[in-house]
Amino acid sequence: MEPFKTLSGVAAPLNMINVDTDMIIPKQYLKTIQRTGLGKALFDEMRFNPDGSEKPDFVLNKPAYRQAKILVAGDNFGCGSSREHAPWALLDFGIRCIIAPSFADIFYGNCFKNGILPIKLPQAIVDKLMDDAERGANAIISIDLEKQEIKGPDGGTVTFEVDPFRKQCLLNGWDDIGLTMRGVDKIAAYEKTQSTQQPWI
């Protein structure tokens, strides 16, 4: 997993509440277990018409936001089914951070496990960042995970809270496998002891 330390990029405003995981990545794309290639189907039904043409009014289809790295969204983002494909699709598109007043619990945890930083902020602050994001190509937001700070386009700074363990995992790029491999020496020692004490296993 790619470490997350600092991020600076265009923030796209998605001023909608209750954006569920089926909206993020529709069910027909859940057949794969590959984490790559899903970005093209991100927000499929909102981004594309039935004939495959783009809907020009959808935020990520607008020229200023096609390379967005940050998403500023409404309350209860990531609700619905617990599909891990949702953060996979966001990450594959290029989104590394989502800012919202609240997230569905499972989606929130899945973000950290896949290298995305979900930031919870009070509604009033999200509203300000949403307004900043409306600036288009000038909607550059900078995020410093170590300092737990967000700097907006106008230079104003906002601090945010994050669980210390999850923060450490993101800073170091540790997913669940990476965390397990940190203890590989202890695992090997345990296996050696077990094979000596219980050779029949």
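Student: Help me out: how do you make sense of the environment of asparagine 172 in this one?
Tutor: Mapped onto the secondary structure, asparagine 172 falls in helix 6 (residues 164-172). In this structure, the C-alpha to C-alpha distance between asparagine 172 and glutamate 2, residues 170 residues apart in sequence, is 8.1 Å.

Student: Help me understand the sheet that holds strand 6 (residues 149-151) in this model?
Tutor: What links the strands of a sheet is backbone hydrogen bonding, and the strands pair in either a parallel or an antiparallel sense. The seven strands lie next to each other as 4-3-2-1-5-6-7, forming an open sheet whose pairing is mixed. At either end of the open sheet lies a strand with only one pairing partner, and these are strand 4 (117-120) and strand 7 (157-159). On average, adjacent strands in this sheet sit at an angle of 25° to one another, irrespective of strand direction. As paired strands, strand 2 (residues 70-73) and strand 3 (residues 97-100) are joined by three bridges and run parallel to one another. For leucine 71, the partnering residue across the bridge sits in strand 3 and is isoleucine 98.

Student: Explain unusual backbone geometry to me, please; I cannot follow it from the model alone.
Tutor: With phi around 55°, asparagine 18 is a residue other than glycine that occupies positive phi space. Turning to its location among the elements, asparagine 18 is positioned in the loop between strand 1 (6-14) and helix 1 (21-24). Classification of asparagine 18 as partly exposed rests on a relative accessible area of 38%. One non-glycine residue, phenylalanine 43, lies in the positive phi region at around 50°.

Student: What am I meant to see in the pattern of salt bridges here?
Tutor: Any two side chains of opposite charge can pair, so long as their charged atoms come close to each other. Counted under the stated rule, the structure contains six salt bridges. Between glutamate 2 and arginine 96 there is a salt bridge, with its nearest N and O atoms 3.7 Å apart. One end of the pair, glutamate 2, is in the segment before strand 1; the other, arginine 96, is in the loop between helix 3 (85-93) and strand 3, with 94 residues separating them in the sequence. The structure contains a network of salt bridges with shared partners spanning Lys128, Asp132, Arg135 and Asp154.

Conventions adopted
- Residues numbered from 1 in each chain as written.
- Predicted model: local features only at pLDDT ≥ 70, side-chain atom pairs only at ≥ 80, totals over all residues.
- Heavy atoms only, no water.
- Helix = DSSP H or I, 4+ residues; strand = E, 2+ residues; numbered from the N terminus.
- Pairing = 2+ DSSP bridges.
- Axes fitted to C-alpha atoms, helices over the stretch in contact; angles between N-to-C directions.
- Buried < 20%, exposed > 50% of the residue type's maximum accessible area, 1.4 Å probe, protein only.
- Salt bridge = Lys/Arg side-chain N within 4 Å of Asp/Glu carboxyl O.

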